[in-house]
Structure formats: C-alpha cells, structure tokens
Amino acid sequence: MKFHMLALGVLSATLLGCGSAENQTKQEVEQPKQQAMVVTANPHATAAGLEVLRAGGSAVDAAIAVESVLSLVEPQSSGLAGGAFMVHYDSETKSLAVYDGRESAPSGATPDMFMLENGDSMPFMQAKTSGLSTGVPGVLAMLSMAHKDQGTLEWSSLFSYASKLANEGFEISPRLHGMLERFGKYIPSKPEDGPTDAFEYFYDEAGVAHPEGYLLKNPEYAKTLEIIAKDPTEFYQGEIAKEIAAMVQQEPRAGSLTAEDIAAYKPVKRTALCQDYRDTQICGAPPPSSWLAVGMIMGILENGPKPSAEGPDDPKNWAVMAQAQQLAYADRDQFIADPNFVDMPIKGMLNKEYLAKRAKLIADKATPLTYAVGDPWAYNDTPSETTAGIDATQDVHGTTHFVIVDSEGDVVSMTATVESIFGTTRMVGGMFLNNQLTDFSFQHHDKEGNPIVNAVAANKRPRSSMSPSIVLDKDGEFLMATGSPGGNNIIAYTVKTMVGVFEWDLEPQAAVDLPNMVARGKTVRLEKGAAPESLISAMKEMGFDVDASRGENSGLSVIMRKPDGTLVGAADKRREGVIGTL
Ligand code: GLU
C-alpha cells in the first residue's frame, strides 16, 4: 500500500502554522490547491468514488468503490465478473502504469469454438448467451493488484457504498430500464432456454420488467461483496469460482471454464504506450488493448494537413480526421491481439516516419488508399514471419469508462466491461458473467488461408477496443484523462474528444458533445441527429460513403487539468454520466 501524502500534507501544514510564514517558499504559497474529481457513467458510482476520496483514499481506492457500485447499478455495462484496463498516473514519480485485467480464455478453449460444423461462424447472439463466451473475470484481481501498489485505505473499507445499495436497493435508472426493453428478449425466461436468474431479478411474476424508479435489491451481490471485502482471492479460489464454473458449464452451449482456470488467473502490470503529439504525450494501454490506434491517429494528425481555424465548423477538418481514423483502424484490425500469442509491429505502428508516410495519403477527397492496410513491419525492429489474415472479429457494446483524480494528483483512467449488454445474461453471486470471448475472431483463418491473429486459443486474451487514455504535458505532468465504451468505436470516440480539445481548441464538454464520427473501412458513420446536414452533405461531396442513419452510443468521461491547476470534467450526455468534485 502507498503512504498517502494527504496525511503528510496535514502534518506539514500544521508544522508550517507553528513556524513563521517566511519559511514558506514562494512556490508553496502560489501552488494552486489540487481539487479532486470523479467522473463516471452513474450518479451512485460518482458518489461512491467521492466518498472514498473524502475519507483520504487514493484514486485507485476510489476506482474500487466505483467499480463495485457499477457492477450493481449499471450491470448492462460492466461488473466484477468482467474485465478492465486501468491506466494510472503517479504524480509523485510522474510515471504511468497499466493494469491489464482482461479476461482470459479457459484452458479448454479451441480455435473453432465459435464455428458451426459447416465452418460458418456461430450467430453472435447464440455465442453471447452461451457458456462458451465467458472468460476468466479479470477486473477484481486487477483492482487488488493496483490496490497493493497504490491503495491508501484498507481494501475491506472500499465496498460499503455498494453493500448498502445492494442490501437496501437502488432505483432502476432510465438507461437500465431502456436496456431491459431493448435487450430483455435475450434474457431466458424458461429453463429450457437457459439459466433464468436474470429474468427473476429484473422481472415481476407476471413477466413484466420492473419499471424505471423501481427499488431493486440484490442480496446475493451483498453476500459476494462481504466475501471479497475480506479477501479478494476468495473470488478466484473459493466457492464463487466454483459457482461461476458450474454456471458456465450449463447448457445450452456449455463452456469449458473450470474452477482451476479461475484460480490460475493473473492480472498483468504493463508499461504504458506513449505517442508524442505536438507538445504533449498521449498514453494508453498496450495490447491486447487497441489503444495504439488512438496513438496512431494522433500521430498521423500531427503529420497531416493542419486544421483550419474553423475547427468543427469546417467539414475539411472532419475529412482529415476521418482519413486518419481509416488509416489506423486498417492496421489495428489486421495486427493487434494478445502479445503472449502473436508478434505485432507495435514499434512500427507508432514509428514517426511510418505515421508521416501514412499521413501523406490524406487527400482533400475520399480515396481507397486510406482504408487499405499499411506495412508497419517495414518500420519495426523485427520482421514478420507470417502474413496476418483479414480480421473477422465482431464486437457489440456493454462497457463503461470512468476517470478519477485524487487530492494528491494521482489519476485513474479505467474502462471496464462485460462485453455486450448484460454479458451472457447468466448470473452468479448477483453478478453478470461476461461474454468477453466473443471479442475473439470466430474464424481462425481468412479466405486466403492466412491465420487471423485474434483467433481463439487456450489461455489467450481477446483483443480489446478499450482505450483508457492519459495525456501528459511536456513536463510529464498530468493534462487530461479520457476514454469511452462503444466496442470498436471506442477508438473513434476517444480520438474525437482529443481532436476537439487539442486540434480544435474546445473545452472538454464541448468536445464530448461533438457529433461522433466512426471511419473504419470505406463507410464513414456520422451520428444521426447530432451531425448537421451541412457536414453530412459536404462529406458526401468530398466523395465519402457517409452513413448518417444510426445513433452513436459513446459514454465519454473526461478530466482535464487547466494551467492554473484546477480540474475541469466532462460527462457524456448520451449516457447517465455525472461529474463529482471534492
Ligand atoms: N468488449 C469490448 C472490448 O473490450 C468493449 C465493448 C464495449 O465497449 O461496449 O473491446
């Protein structure tokens, strides 16, 4: 655990009070007071985080309280039976660490696990609601690892907000209710269709979903919290692990996950990847996260056509961002997977010369050159031995992102997920089991016979789009933390926010409010209802294949430090986000 400087701060203030004011250096007097802030996708989660910070907890302590609450109140998006990536900034050492709590496939997983007998891919919803898709949950082990490094309060004290809510009940939010209306049809209501625990939890005896505002209690989850508050290893080695394995092994489409697979899980502490961008460093999680596409896009933009002063009002600026996205997505789709299983041209993908070369492909009109895969291997220090197959990974949305700055200036940027809405829809201990293994490619080779890097394998982690990011200034001080849910679109949503702030000079909230645009492959999606007609038609005139027919479900959270040291937060109006300040 970390000795918290807050305690020292109080002590030195007292000591200073006893001595003369001249003893204080000018710098100490002028140092702006560090605020603390929490931005999450749910008011209860933000309140839980603030409560911990108020008690003198660190950003990591607050993250533990936040995630234990989200698991309860936003179960469609994330939970303790899911996975996560956390990027942590230590203000004292000005260093970053990445905690990888990505789920891993069981030892019995096979490359053809999501294929039908005729070689076709299993329909996505069949795979999602099966036992096959649950990976070993990683988030709790990851939080425990981060707590050992960065926690200041006792582990056992961090679950009280969530326990109280689970015991006394929480009101079903409009978004949670909306999810039941839209996705309830996938929750089995009859045992022959699958385990019915979720149906019993969310529906009344007449089979009607509990309404918005209904006080929902989850005593099972309260019991789980009691166990893990005492000892998180119980989740992995005790009864909970056995119950998870038993649930996964239930029909239909039973999975192979065992209690031994769960006991063997290890979170990984990784080195953050950073990309120079103007006078900042944009940093995030290395593979199996795809954050590096965020770094690539910003690196390409730095070398691409300079944005005009009109910022978001100039369609040409959007056209440049669209092409930078296409260039980066093409490479990430082809090359990124679990680093324990595949060699990747990571250095090449973030190489300045390579990104400058890719940026030259950006034109003043749409061209197919920007959505063709590049050759980052040519810029890597080691060559490729194989030709990577064309990716066939699908990815649906059930994720959350939150950011925390504590009173010492330490920062957490964390994205957590159960993969798609309510994960598998199977429940254990009041938690939804993730369906993260559907983030693997269902096919293991492409039509040309080349191996797909993100194919399923035993003990492998599926590629993730989750891209928690932290931006540092030229002195290595914290500048901004952001990220989003949204499956493959996470990269585009996160980049839009950075472009809004750093390229177009907007305040964080205005950047979050910008229409979302996702340019992956030929089609450029522009957010229905948010993108102005003038932008849509200008993009079409430039030759882009524009699809403005769907909403874009980002859930961006941002904290930015201003030059005077104050913090500014932003939450995405597309979800139920709340900014909390201490
Ligand atoms: N499972 C996805 C991933 O890890 C995230 C899904 C979402 O954002 O909703 O990339």
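Data block above holds the structure.
Please read all numbers here as calculations on a predicted model, not as lab measurements.

Undergrad: What is the right way to read the sheet that holds strand β20 (residues 578–581) from this model?
TA: Strand pairing in a sheet relies on backbone hydrogen bonds, with the paired strands running either antiparallel or parallel. Strands sit in the order β6-β3-β2-β10-β9-β1-β20 across an open sheet of seven strands; the sheet is antiparallel. Here the strands that pair on one side only, and so sit at the sheet edges, are β6 (268–270) and β20. Across the sheet, the mean angle separating the axes of adjacent strands is 15 degrees when strand polarity is ignored. In the sheet, strand β2 (residues 83–90) pairs with strand β10 (residues 411–419) via seven bridges, with the strands oriented antiparallel. Considered in β10, the bridge of Phe85 is made with Thr415.

Undergrad: Before we go on, may I ask you to explain the state of the cysteines in this structure?
TA: Such a bond, covalent and formed between the sulfur atoms of two cysteines, is termed a disulfide. If you walk through the whole model with that rule in mind, you get one disulfide. Across the disulfide, Cys274 is cross-linked to Cys283 (sulfur-sulfur distance 2.1 Å). Judged by the sign of its S-S torsion, about 110 degrees, the bond between Cys274 and Cys283 is right-handed. By relative accessible area, Cys283 is classed as buried at 0%.

Undergrad: Teacher, can you tell me more about unusual backbone geometry here?
TA: The bulk of non-glycine residues show a negative phi, and the bulk of peptide bonds are trans. Residue Pro252 is bonded to the preceding Glu251 through a cis peptide linkage, with omega at 0 degrees. By secondary structure assignment, the location of Pro252 is in the loop between α12 (239–248) and α13 (259–263). In this structure, Pro288 follows Pro287 across a cis peptide bond, with omega equal to 15 degrees. Despite not being glycine, Lys94 has its phi angle at roughly 50 degrees, a positive value.

Undergrad: Explanation requested: the site of the ligand in the structure shown.
TA: In the neighbourhood of the ligand, 17 residues make up the surrounding shell, with Gly398, Thr399, Glu419, Ser465 and Gly487 lying closest. One of the side-chain nitrogen or oxygen atoms of Glu419 is found 2.7 Å away from a nitrogen atom of the ligand. Separating an oxygen atom of the ligand from a backbone N or O atom of Gly486 is a distance of 2.8 Å. Out of a free accessible area of 290 Å², the ligand has 100% covered by protein chains.

Undergrad: Explain the environment of Ala328 to me, please; I cannot follow it from the model alone.
TA: With respect to the helices, strands and loops of the structure, Ala328 is situated in helix α15 (residues 315–335). For Ala328, a relative accessible area of 0% corresponds to the buried category. Once the C-alpha coordinates of Ala328 and Gly374 are considered, the two residues, 46 residues apart in sequence, prove to be 8.9 Å apart. Leaving out residues up to four positions away in the same chain, Ala328 has contacts with Ala293, Met296, Ile297 and Ile300.

About the thresholds
Residues numbered from 1 in each chain as written. Predicted model: local features only at pLDDT ≥ 70, side-chain atom pairs only at ≥ 80, totals over all residues. Heavy atoms only, no water. Pairing = 2+ DSSP bridges. Helix = DSSP H or I, 4+ residues; strand = E, 2+ residues; numbered from the N terminus. Axes fitted to C-alpha atoms, helices over the stretch in contact; angles between N-to-C directions. Disulfide = S-S within 2.5 Å. Buried < 20%, exposed > 50% of the residue type's maximum accessible area, 1.4 Å probe, protein only. Near = heavy atom within 4 Å. Polar contact = N/O pair within 3.5 Å; in protein donor to acceptor, adjacent residues only side chain to side chain. Areas by Shrake-Rupley, 256 points an atom, 1.4 Å probe, with all protein chains shown as cover. Contact = heavy atoms within 4.5 Å.

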